[in-house]
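Here is how the chains run, residue by residue.
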Amino acid sequence: MDMKYPIGTFQFDDEITSRVTSVWINEIEDLPRLLRDVVKDLNNEQLDTAYRSGGWTVQQVIHHLADSHMNAYVRFKLALTEENPVIKPYDETKWAELSDYKLPIDTSLLLLETLHKRWTNLLRSLTPADMKKTFIHPDSGEVSVGKNIGIYAWHGRHHLAHITSLCNRKGW
């Protein structure tokens, strides 16, 4: 198994249908519960363990998910309300070094639970025309709203797999 990409990279070349996006939205909705379930019994030493050599700790992964998904939510809203906006990327490595990544994980778990309720409500309201709206990512180029739903469903599963694979390897 590739510990950096335990579920592989995001790949989707088929048509983005309402059935496909419905599955992805359900995955986004389920992430906070699944994440809380997998970390509920971890102690501080386990939370401070990196999922791979050179990788983030479990605590950093959880805080990163909150930061990343907040940014994603804003990007969706920009794409839905502006004409092909250019979004601002951020340096996730530097963000992971800031003091708020030392806060208890519950701060980010609660944030994810609330954010994902709003986010999935928004995503379920989208029309087929909304799914085709786009934004420009300076590194990735033009991204449609529909594809971005898939990217963030994958992103949640990707980081959840970092934590679950670490727990499995360590016998936690």
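Coordinates for the structure precede this section.
Summary of the structure given here. (Residues numbered from 1 in each chain as written. Predicted model: local features only at pLDDT ≥ 70, side-chain atom pairs only at ≥ 80, totals over all residues. Heavy atoms only, no water.)

Observations concerning the packing of helix H1 (residues 18–39) against helix H7 (residues 145–170)
Turning to step 1, where the next piece is worked out: Taken N-terminus to C-terminus, the directions of H1 and H7 make an angle of 25°; their axes are 9 Å apart at the nearest point. Taken together, the axes of H1 and H7 lie roughly parallel to each other. Relative to H7, the crossing made by H1 is left-handed. For the pair formed by H1 and H7, the contact residues are Thr-21, Trp-24, Ile-25, Glu-27, Ile-28, Leu-31, Leu-34, Leu-35, Val-38 and Val-39 on the first element and Gly-146, Ile-149, Gly-150, Tyr-152, Ala-153, Gly-156, Arg-157, Leu-160, Ile-163, Thr-164 and Cys-167 on the second. (Axes fitted to C-alpha atoms, helices over the stretch in contact; angles between N-to-C directions. Helix = DSSP H or I, 4+ residues; strand = E, 2+ residues; numbered from the N terminus. Parallel < 35°, antiparallel > 145°, perpendicular 65-115°, else oblique. Left-handed = near helix turned anticlockwise from the far one by under 90°. Contact = heavy atoms within 4.5 Å.)

Observations regarding the packing of helix H3 (residues 58–81) against H7
Turning to step 1, where the next piece is worked out: Look at H3 against H7: their axes get within 11 Å of each other, and the N-to-C directions meet at 175°. Comparing the axis directions of H3 and H7 gives the class roughly antiparallel. Along its contact with H3, which presents Val-58, Val-61, Ile-62, His-64, Leu-65, Ser-68, His-69, Ala-72, Arg-75, Phe-76, Ala-79 and Leu-80, the element H7 presents Val-145, Asn-148, Ile-149, Tyr-152, His-155, Gly-156, His-159, Ile-163 and Leu-166.
Turning to step 2, where the next piece is worked out: Residues belonging to the contact of H3 with H7 are distributed by class as follows: 13 nonpolar, seven polar and one charged. (Nonpolar A, V, L, I, M, F, W, Y, C, P; charged D, E, K, R; others polar.)

Comments concerning the packing of aromatic side chains
Turning to step 1, where the next piece is worked out: Within this structure, the stated rule accounts for five aromatic pairs.
Turning to step 2, where the next piece is worked out: Put simply, the rings of Phe-10, Phe-12 and Trp-24 touch in pairs and so form one group of aromatic residues. (Phe/Tyr/Trp six-rings, centres within 6.5 Å; stacked < 30°, edge-to-face > 60°.)

As for H1
Turning to step 1, where the next piece is worked out: Its 22 residues give H1 an end-to-end C-alpha distance of 32 Å, which sits within 8% of 32 Å, the value for a rise of 1.5 Å per residue.
Turning to step 2, where the next piece is worked out: When the local axis directions of H1 are compared, the greatest deviation, roughly 40°, occurs at Asp-30, which is followed within four positions by the proline Pro-32. (Expected span 1.5 Å × (residues − 1). Bend = angle between axes of the 7 residues up to and from the residue.)

Thoughts on H3
Turning to step 1, where the next piece is worked out: For H3, spanning 24 residues, the distance from its first C-alpha to its last is 35 Å, which sits close to the expected 34 Å at 1.5 Å a residue.
Turning to step 2, where the next piece is worked out: Among the 24 residues in H3, 19 count as buried, and that is most of the element. (Buried < 20%, exposed > 50% of the residue type's maximum accessible area, 1.4 Å probe, protein only.)

Regarding the pattern of salt bridges
Turning to step 1, where the next piece is worked out: All told, the structure shown has seven salt bridges when counted by the stated rule.
Turning to step 2, where the next piece is worked out: Of the charged contacts in the structure, one is a salt bridge between Asp-30 and Arg-33, with a shortest N-O distance of 3.9 Å. A residue pair is termed a helical-turn pair when its members lie 3 or 4 positions apart in one helix, as Asp-30 and Arg-33 do in helix H1 at three residues.
Turning to step 3, where the next piece is worked out: Judged by its relative accessible area of 45%, Arg-33 falls in the partly exposed class.
Turning to step 4, where the next piece is worked out: Across the pair Glu-113 and Arg-36 runs a salt bridge, and its minimum N-O distance is 2.6 Å. With Glu-113 in helix H5 (residues 105–124) and Arg-36 in helix H1, this residue pair connects regions lying 77 residues apart in the sequence.
Turning to step 5, where the next piece is worked out: For Glu-113, a relative accessible area of 25% puts it in the partly exposed group.
Turning to step 6, where the next piece is worked out: Each member of the salt-bridge network shares a partner with another, and the members are Asp-30, Arg-33 and Asp-37. (Salt bridge = Lys/Arg side-chain N within 4 Å of Asp/Glu carboxyl O.)

These values are about where atoms sit, not about what they do.
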